[in-house]
Amino acid sequence: MELTLSEKQMLQGEFGPATRKAMEILVALGTIYQAEKMIPVSSVQVSGVSYDNLGEAGLDFLSEMAAGGGKAQVLTTLNPAGMDIEDPTSLGISPEFAGQQQRVIDAFGRMGIITTCTCTPYLTGNLPHYGEHIAWAESSAVCYANSVLGARTNREGGPSALAAALTGRTPAYGLHLAENRAPSLTIQVKAQLTENDEFGALGLLAGRQIEMRKQNRVVYIQGIQQASLENLKSFCASLATYGGAGLFHMQGITPEANLFAPTADAVEFSQADIQSAARSLNDESAAEIDFVSLGCPHLSILEIARVAELLRGQKVKKTFWITTARPTRQMAERMGYTAIIEEAGAVIAADTCCVVAPIQGRFHTLATDSAKACYYAYGKNKMKTRLMSFDEVVYEALK
Amino acid sequence: MILTGRKIYGGKVTGQALVTTQGISFFGGVDPETGVIVEKGHALEGQSISGKILVFPTGKGSTVGSYTLYRLKKVNKAPAAIVNRECETITAVGCIISEIPCLDQIVLDQIKNGAMLCVDGDSGTITEL
């Protein structure tokens, strides 16, 4: 692997031990994936922020990198944490957990990383343009950046994204190279999709097809007439969760789709297929729903406006979490949405979500519009799940 | 016997080989405090990887697994070295941040379970003692 003079200096420790460690990680990854060189990146999104996932080991590592002089060289933002950083008690988080989570956030802050914690960095100012090389972790955001924005990133893990932040580099392999962005499978959608849960169900179906094939994970999707930002955000989260995909093309919608033609390998999905995929996330044995959540991925301002419209003057009867990015929450506050939601007895929290908060054992059954949230509620937090449309989730909270 | 592979992380150590033909998930599959494999049904379930030359085809599971190796190192329960057929991101990053010598591109069935080995990460060689 060919390194520039400054990359060699980073590797030799001339910029301190943290930069050295970061470059060692990138060189090893470049070696494994046979990259010829490093490329500069201009934006990074780091995952591995919730103390619930990191544990003491991860916190130790981050503290050591901060102590070793690590400083973000490019715009770097963070994934959701295990709590609302400005209001830890709002979600019933223990003071012990809050203390450890704060130490994680502080370590990132010492490295010059912007500590707004969200899985939708593209909604809060970390917005790469077409063709821009970036290094993002957070699988749903990776999928959104590659597919909807046309930026270029691999599916980074926490340490490799941090390494990219501290050096401003990433090895040139995978989805950074044009030849790896071509699709190998076409999904023909013979259905009208309008709701987030339907797009999530499509992500689940397409994801399973990708998993069966194992090879290239890029799909070409035909037959979607219209998709809102919110629909695409939900689809990205689901496709990445169930198919490990980092990139898709959607005819007429995503910017690189017109560079490619449908592939010979093609699968068709009908309205019935979509409905049955959505139903497959509904636990038959689900006891009564006791936890309702919207915000996986974090809600847009338009979605929060809709929640407020539906909750105005009502009272929720179940625990209802609405999770979003801090800047989006601030917009919601200015518009009076937050007050309406809180008056209805629901909780609107920033920086966190039902996937990464430490909630195992607190609830039995989750109702959500997110196919991704269902996966983690079941696997990580041992909950039953019910997938429904956005509006139905709000009505469920009022039942 | 001398085997030659590819350096993932340098350093020279001696230890006993612990060999499996199954993948290892460090997050959830290995106890981060004791180094014992806890994955249900794994061929090495109940055995400790501490101080061993851990030989397995490739890593699997959550990327948080890199931090598990780091945790093991901090409590002196990490493997002495790791030898893979094909190293992937989780194991590679884990070895680098934990400074555990690591090699890959080795034909694993040449290594006998329990053999005493010297692993030299820098030259990419494994020597049976």
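Presented here is an overview of the structure given in this document. No experiment lies behind these values; they were computed from the predicted model shown.

This part takes up the overall build of chain B. Helix and strand content of chain B: three helices and eight strands. Seen in sequence order, chain B has helices and strands lined up from the N terminus as β-β-β-α-β-α-β-α-β-β-β. Computed over C-alpha atoms, the radius of gyration of chain B comes to 13 Å, within 12% of the 14 Å expected from 2.2 N^0.38 for 129 residues, which places it in the range of a compact globule. With the principal axes as the frame, chain B shows a C-alpha extent of 35 × 25 × 25 Å. Here chain B holds 129 residues, and the buried ones make up 56% of them. Across chain B, the fraction of contacts at a sequence separation of at least 24, relative to all contacts at a separation of at least 6, is 67%. About 5200 Å² of surface is accessible on chain B, with carbon and sulfur atoms providing 51% of the total. Where the 12 positive side-chain charges of chain B centre and where its 12 negative ones centre are 3 Å apart.

This part covers the sheet that holds strand S3 (residues 75-78) of chain A. All names here are of chain A. Pairing in this open sheet of four strands is parallel, and the strands run S4-S3-S2-S5 from one edge to the other. Edge positions in the open sheet fall to strand S4 (114-117) and strand S5 (135-136), since each of these has one partner strand only. Against the sheet, helix H4 (residues 95-110) engages strand S2 (43-46), S3 and S4, with an angle of about 140° to S4.

This part is about the sheet that holds strand S1 (residues 2-4) of chain B. All names here are of chain B. Taken in spatial order, the eight strands of this open sheet run S1-S8-S7-S3-S4-S5-S6-S2, and their pairing is mixed. Each edge of the open sheet carries a strand with a single partner, namely S1 and strand S2 (6-9). Within this sheet the neighbouring strands show an average axis-to-axis angle of 30°, counted without direction. Taken together, the four bridges between strand S7 (residues 116-120) and strand S8 (residues 125-128) define a ladder with antiparallel strand orientation. Counted as the bridge partner of Cys118 is Thr127 from S8. This element, helix H3 (residues 89-98), spans S2, strand S4 (53-56), strand S5 (81-84) and strand S6 (102-104) of the sheet and lies at about 60° to S2.

A separate point is the packing of helix H2 (residues 65-74) of chain B against H3(B). Two quantities define a packed helix pair, namely the angle between the axes and the distance from one axis to the other. Residue and element names in this part refer to chain B. Contact pair H2 / H3: the axes reach a minimum separation of 7 Å and the direction vectors enclose 30°. Taken as axis vectors, H2 and H3 run roughly parallel relative to one another. Note that H2 runs across H3; the crossing there is right-handed. The residues of H3 that touch H2, namely those facing Gly65, Ser66, Tyr67, Leu69, Tyr70 and Lys73, are Thr89, Ile90, Thr91, Val93, Gly94, Cys95, Ile97 and Ser98.

Reading guide: rules and limits
Every chain is numbered on its own, with residues counted from 1 as its sequence reads. The order in which chains are written sets their letters, starting at A; the order in which ligands are written sets their numbers, starting at 1. Selection of residues for local features in this predicted model requires a pLDDT of at least 70, selection of side-chain atom pairs for listing and counting requires 80 or more, and totals for whole chains, interfaces and linings are taken over all residues. Just so you know, side-chain values use all the structure's heavy atoms and leave hydrogens and water out. Here a helix means four or more residues in a row that DSSP labels H or I, a strand means two or more in a row labelled E, and each is numbered from the N terminus. In this treatment the radius of gyration is a C-alpha quantity, and the globule benchmark scales as 2.2 Å times the residue count to the 0.38 power. The classification of residues rests on relative accessible area computed with a 1.4 Å probe and restricted to protein chains. Under 20% of the type maximum is buried, over 50% is exposed, and intermediate values are partly exposed. Here, residues are in contact when the closest pair of their heavy atoms is within 4.5 Å. Here the Shrake-Rupley method, with its probe set to 1.4 Å, supplies the accessible areas, and only the displayed protein chains count as covering residues. Positive charges are assigned to Lys and Arg, negative charges to Asp and Glu, while His and the chain termini are left out of the count. For charged residues, the charge sits on one atom: NZ in Lys, CZ in Arg, CG in Asp, CD in Glu. Two strands pair if DSSP finds at least two bridges between them. For every element, the axis is a line fit to its C-alpha atoms; helices are fit only across the contacting stretch, and the angle between N-to-C directions ranges from 0 to 180 degrees. Any angle between 65 and 115 degrees counts as roughly perpendicular, while under 35 counts as roughly parallel, over 145 as roughly antiparallel, and the rest as oblique. In this scheme, a crossing is called left-handed if the near helix is turned counterclockwise away from the far one by less than a right angle; it is called right-handed if the turn is clockwise.

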